[in-house]
Amino acid sequence: MTEGKVSMIEAMVDVFGSAITGSEIQCGDQQVVHVEPSNNLEILTWLKDTEGYDYDLLLDVTAVDYGSIPGVEVVYQLWSITNKQLLRIKCALPEDSLKIRSVADLWGSANWLEREVYDLFGVQFEGHPDLRRILMPKNYSEGHPLRKDFPLRGRFSREKQTELALKQDYEDYYSPEQLEGFGQRSDD
Amino acid sequence: MSVKQTIELPQGNLDSGNMLVNIGPQHPATHGVLRLLCELDGETIVQIDPDIGYLHSSFEKLGEFRTWNQIVPLTDRMDYLAPLMYNCVYVMAVEKLMDLKVTERCKVVRVLCMEMERIFSHLLWLGTTAIDVGAFTPFLYAFQERERIYKLHEAFTGARITTSATRIGGMMADLPEGWTDQLRNFVETFPETLDEIDSLLTRNGIHLGRTQGIGTISGSDAVNAGFTGPNLRASGIDYDLRKDRPYYDYETYTFEVPIGKNGDCYDRYLVRMEEMRQSLKILDQALRRLPGGPINVDDPRVSLPSKTDCMNDMESMIHHFKIVTEGVRVPPGDCYFAIEGSKGELGMYVVSDGGEKPVRWRVRPPSFVNLSVLPQLAEGHQVSDLIMINASLDIVLGEIDR
Amino acid sequence: MGIKDRQNEQLPVAGNSDLTFLTTKVDFVVNWARRNSLWPMPFGTACCAIEMMASAASNFDLARFGMERMSFSPRQADVLICAGRVPYKLAPVLRRTWDQMMQPKWCISMGACASSGGVFDTYSMVQGIDTIVPVDVYVPGCPPRPEGLIYGLMMIQEKIKSESMADHERLRREDPEGAGRPVADSSEVKALTGVFGNSTQQDKFSSLAQTARPGRFKDVLK
Ligand code: SF4
């Protein structure tokens, strides 16, 4: 098992060189690989499609804001159904450019998971088909809640929050423009 | 007296454009506060945009302000359909990060809890889904049985839903006297009700008509979409964490993993029905092997010293004080730990910087990912089928929105 | 009706001369009919909704109290049972549901979250639905047992029992301007939603400065 992992890291370094910035084993058996954010798409495609690795199930896309280190770390959890291997890929994004390429084309599951990371951390996923807030209201203007500089009770006072909440107009979202490409697919 | 009325028929082309229909967020068939914006061509669904977040209670943020043990009560409020399961997986993740080995008794007790919750959760799914296809009786039967599990919860933890039964390193208490007998009684008599529900639904023409061939997804699509749990297995992919990444000696229990063929609503129904039977099997084996001994680990990092020690010895006193006031400390690092939840792969990703509070506590939400496939599944079906497809995914909004 | 108005409210006094024999008899009949055929509108969101379902199922059986007909349409409902957490995103939905209900109507806030925000003193949660809609009965608990909910519904029945047609105007007054607005004005919201105990475990990240403090409650309510 361990040997297979070591050789996988070696193979990754062979292919991607310095884009692999480090690897470690957490909790005894969890393989973690740190990669350059600019190469995330190539590396994940390679992991998904290369014979022998087949990480075909993207379990989770999430992010961590450490607070002590500026910036956000995007974390991918992968699982290979055939090889029964778990892998964690981490990309550290600097504070001034919270941008990374989207993997929504590779895995359907990434679509909503990336939207959630965008909503709660403010990470821009480039090439995402439909990047908008998913959990917070559309008119939410207090920022991205899971960042460490965001206070637990929100930035606005409760009065303001209540007022803004009741100002949300659901009729606004209840319109054909809400759905992208409304009515275009009916004539064929 | 009759008045003959002539109705003016509109001339020219009738407006045959698509319609936009809004379902939810407050609608009984959405199983919570889910909002579905549907574009309809007549009765047929052209596309759907699910709008979630109506139950976003910021669990993950709140967790960063709570000590490690204080998070346990939050976990069961997240998925109130299988609370003990969430309690267990959270502490299992933290224990893994701390490299803490729980006692044998604790392991088996947690297996009992988790399998009981699988039945608990599937029963609610069964009841409410049956209502969606127009059958009210299974709901009453299912709730009758759930009521018995509620009683077991209550006898063990004192609460019916919000159990908060686990602690890092063990459980809040050992099983009360006679609890295993009650559970055994449940294991023995529950199949009867299950058979009854089975005979009501499995060969019921209406149920077949409403579920077969509806919301079909192929195995490879399901994997790509991130399906896990019964939904994935209904599409014919054999992926069950209890077998593939075993924890708590699941490899030593004999049970089968039901696999579906067609990946439609009916197969999802069959898989869940069979899973309940398999859970009963595991429960039976676990009850047989339940060992004695302590339920909590004796590890100075998490367990309190005994009262006598505290009174007699300064060191223990200080230790007691530290654990109570500061909470458990977890070494720096991160850990992803998942179990086979009732709805899919239920993972907890915890990140620690060595302090008494987590830096990040992330839940890998199975129903969040499962729900994201809804637009794909429902396209081209009728509105009434949408309700069935949505129900067959077994979602719980508390965990989707967190 | 806001909380402030309620404090100055004139409570009905026994032996009030307005009440004649006829009106009391009519009241009795009307109230009897009303209280035994309440149609609840279940606004269930989270864990508490599961307990509400349990109350409707066979073991606890709400039907014994004339409430078997859960009305999923607000237009035909008499009691709004708000069971579970209400985030800000859901607040306008709750308000609209309440606005759509016909008079006479009552509201039950079931569970700690609906009544006060519960354990979730966070950025996304309404701290008590009484800032959004007027509440008649609060059922405490996390979650309340089905018996608790049934007790709350019976308290509504008690309340109906003591209502009188003579009071109709005062009790059922509703300002059309208020539709879609919070029932509490901003000072009330401030008073009701302050940091409570160590609900947020104040530290450098939480915003103590922006929130009301417990000591100020009294002045605000005056
Ligand atoms: S009061 Fe408790 S049980 Fe009810 S919704 Fe809130 S957390 Fe859930």
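Provided above is the structure to which this section pertains.
Structural notes, computed from the coordinates.

Quick word on the overall build of chain A
Step number 1: Within chain A, the regular secondary structure consists of five helices and seven strands.
Step number 2: Helices and strands in chain A line up, N terminus first, as α-β-β-α-β-β-β-β-α-β-α-α.
Step number 3: Out of the 188 residues belonging to chain A, those deemed buried represent 55%.
Step number 4: In chain A, the proportion of contacts linking residues at least 24 apart, taken out of those at least 6 apart, comes to 49%.

Focus on a nonpolar patch on the surface
Step number 1: A contiguous nonpolar patch, built from M314(B), M317(B) and I318(B) and spanning about 310 Å² of accessible area, is present on the exposed surface.
Step number 2: Its location among the elements puts M314(B) in helix α13 (residues 314–326).

A few points about the site of the ligand
Residues and elements named next belong to chain C.
Step number 1: Around the ligand there are 13 residues in total, and C47, C48, A112, C113 and C142 lie nearest to it.
Step number 2: Mapped onto the shell around the ligand, the elements with two or more residues apiece are α3 (47–56) and α5 (111–116).
Step number 3: Considering every element that reaches the shell around the ligand, the biggest residue donor is α5, with three residues.
Step number 4: Grouping the constituent residues of the shell around the ligand by class yields eight nonpolar, three polar and two charged.

Describing the side chain of R158(A)
Step number 1: Along the chain, R158(A) turns up in helix α4 (residues 158–167).
Step number 2: A residue is classified by how much of its surface remains accessible, and R158(A), at 4% relative accessible area, is buried.
Step number 3: Reaching out from R158(A), the side chain makes a polar contact with the side chain of D121(C) at a distance of 3.0 Å.
Step number 4: Each residue touching R158(A), except ones within four places of it in the same chain, is listed here: R153(A), Y88(C), D121(C), T122(C), Y123(C), M125(C), Q127(C), V189(C) and T193(C).

Notes on the sheet that holds strand β2 (residues 79–83) of chain C
Residues and elements named next belong to chain C.
Step number 1: A sheet is described by the order of its strands in space; here four strands give the open sequence β1-β2-β3-β4, paired in parallel fashion. The open sheet has two free edges, formed respectively by β1 (40–44) and β4 (137–139), since each of these has just one partner strand. Neighbour-to-neighbour, the strand axes of this sheet turn through a mean angle of 20 degrees, independent of strand direction.
Step number 2: Where β2 lies against strand β3 (residues 106–110), five bridges are found, and the strand directions are parallel. Bridge pairing links V79 to W106 in β3.

Examining the interface of chain B and chain A
Step number 1: Taken together, the contact pairs 55 residues of chain B with 57 residues of chain A.
Step number 2: Buried area between chain B and chain A, summed over both chains or domains, comes out near 4700 Å², and the portion from carbon and sulfur atoms is 58%.
Step number 3: The tally of links from chain B across to chain A stands at ten salt bridges.
Step number 4: Its salt-bridge partner being K138(A), residue D51(B) comes within 3.9 Å of it at the nearest N-O pair.
Step number 5: Of the residues forming the side of chain B that touches chain A, the biggest block, six residues, is contributed by strand β3 (residues 44–51) of chain B.
Step number 6: In terms of residue class, the side of chain B that touches chain A is built from 27 nonpolar, ten polar and 18 charged.

Looking at the pairing of strand β7 (residues 345–352) of chain B
Residue and element names in this part refer to chain B.
Step number 1: The element β7 is extensively covered by neighbouring structure, given that eight of its eight residues are classed as buried.
Step number 2: The alternating pattern of β7 places E345, G347, Y349 and V351 and L346, M348, V350 and S352 on opposite faces, both of which are buried.
Step number 3: Relative to β7, strand β6 (residues 333–340) runs antiparallel, the two being bridged by eight bridges. Opposite E340, over in β7, you have E345 as the bridge partner.
Step number 4: Taken together, β6 and the strand that follows it, β7, pair antiparallel across an intervening segment of four residues, in which G344 is found at a positive phi of about 150 degrees.
Step number 5: With five bridges connecting them, β7 and strand β8 (residues 360–364) associate as antiparallel partners. Looking at β8, one finds that M348 is bridged to V363.

What about the environment of I81(A)?
Step number 1: Turning to its location among the elements, I81(A) is positioned in the loop between β4 (72–80) and β5 (85–93).
Step number 2: Here the alpha-carbon distance between I81(A) and Y55(A), two residues 26 residues apart in the chain, equals 7.3 Å.
Step number 3: Setting aside chain neighbours within four positions, we find I81(A) in contact with D54(A), D56(A), L57(A), V223(B) and I237(B).

Some details on the interface of chain B and chain C
Step number 1: At the interface, 38 residues of chain B touch 37 residues of chain C.
Step number 2: Counting the surface lost from both chain B and chain C, the interface buries some 3200 Å², and carbon and sulfur atoms represent 60% of this.
Step number 3: Taken together, the connections running from chain B to chain C amount to three salt bridges.
Step number 4: For E154(B), the salt bridge identified is with R145(C), shortest N-O distance 2.3 Å.
Step number 5: On the surface where chain B and chain C come into contact, there are twelve residue pairs in polar contact (both at pLDDT 80 or more).

So, helix α4 (residues 91–100) of chain C
Step number 1: Burial of α4(C) is extensive: seven of the ten residues sit out of reach of the surface.
Step number 2: If you check which residues of α4(C) are buried, you get A91(C), P92(C), V93(C), L94(C), R95(C), T97(C) and W98(C).

Some details on the sheet that holds strand β1 (residues 19–23) of chain B
Residues and elements named next belong to chain B.
Step number 1: Ordered in space as β1-β2-β3, the three strands form an open sheet in which the pairing is antiparallel. Unpaired on one side and paired on the other, β1 and β3 mark the two borders of the sheet. Adjacent strand axes in the sheet meet at a mean angle of 20 degrees, parallel and antiparallel pairs treated alike.
Step number 2: Looking at chain direction, strand β2 (residues 35–41) and β3 are connected through seven bridges and run antiparallel. Paired with L37 across the bridge in β3 is D49.

Here we look at the pattern of salt bridges
Step number 1: If you walk through the whole model with that rule in mind, you get 52 salt bridges over all chains.
Step number 2: Residues K90(A) and E73(A) are paired through a salt bridge, measuring 3.7 Å at the closest nitrogen-oxygen approach. Of this pair, K90(A) sits in strand β5 while E73(A) is found in strand β4, placing the two residues 17 residues apart along the sequence. Note on accessibility: K90(A) and E73(A) belong to one class, buried.
Step number 3: Ionic pairing is found between D334(B) and K90(A), a salt bridge with its closest N-O pair at 2.5 Å. On the criterion of chain membership, the pair formed by D334(B) in strand β6 and K90(A) in strand β5 is interchain, its members lying in two chains. The exposure classification of D334(B) matches that of K90(A), with both residues buried.
Step number 4: A single salt-bridge network, built from bridges that share partners, covers E115(B), R118(B), R233(B), D240(B), R242(B), E275(B) and E340(B).

Rules used in this analysis
- Residues numbered from 1 in each chain as written.
- Chains lettered and ligands numbered in written order.
- Predicted model: local features only at pLDDT ≥ 70, side-chain atom pairs only at ≥ 80, totals over all residues.
- Heavy atoms only, no water.
- Helix = DSSP H or I, 4+ residues; strand = E, 2+ residues; numbered from the N terminus.
- Buried < 20%, exposed > 50% of the residue type's maximum accessible area, 1.4 Å probe, protein only.
- Contact = heavy atoms within 4.5 Å.
- Patch = residues over 30% accessible without salt bridge, like charges linked within 9 Å, V, L, I, M, F, W, Y side chains within 5 Å.
- Areas by Shrake-Rupley, 256 points an atom, 1.4 Å probe, with all protein chains shown as cover.
- Salt bridge = Lys/Arg side-chain N within 4 Å of Asp/Glu carboxyl O.
- Near = heavy atom within 4 Å.
- Nonpolar A, V, L, I, M, F, W, Y, C, P; charged D, E, K, R; others polar.
- Polar contact = N/O pair within 3.5 Å; in protein donor to acceptor, adjacent residues only side chain to side chain.
- Pairing = 2+ DSSP bridges.
- Axes fitted to C-alpha atoms, helices over the stretch in contact; angles between N-to-C directions.
- Buried area = accessible area lost by both parts, 1.4 Å probe.

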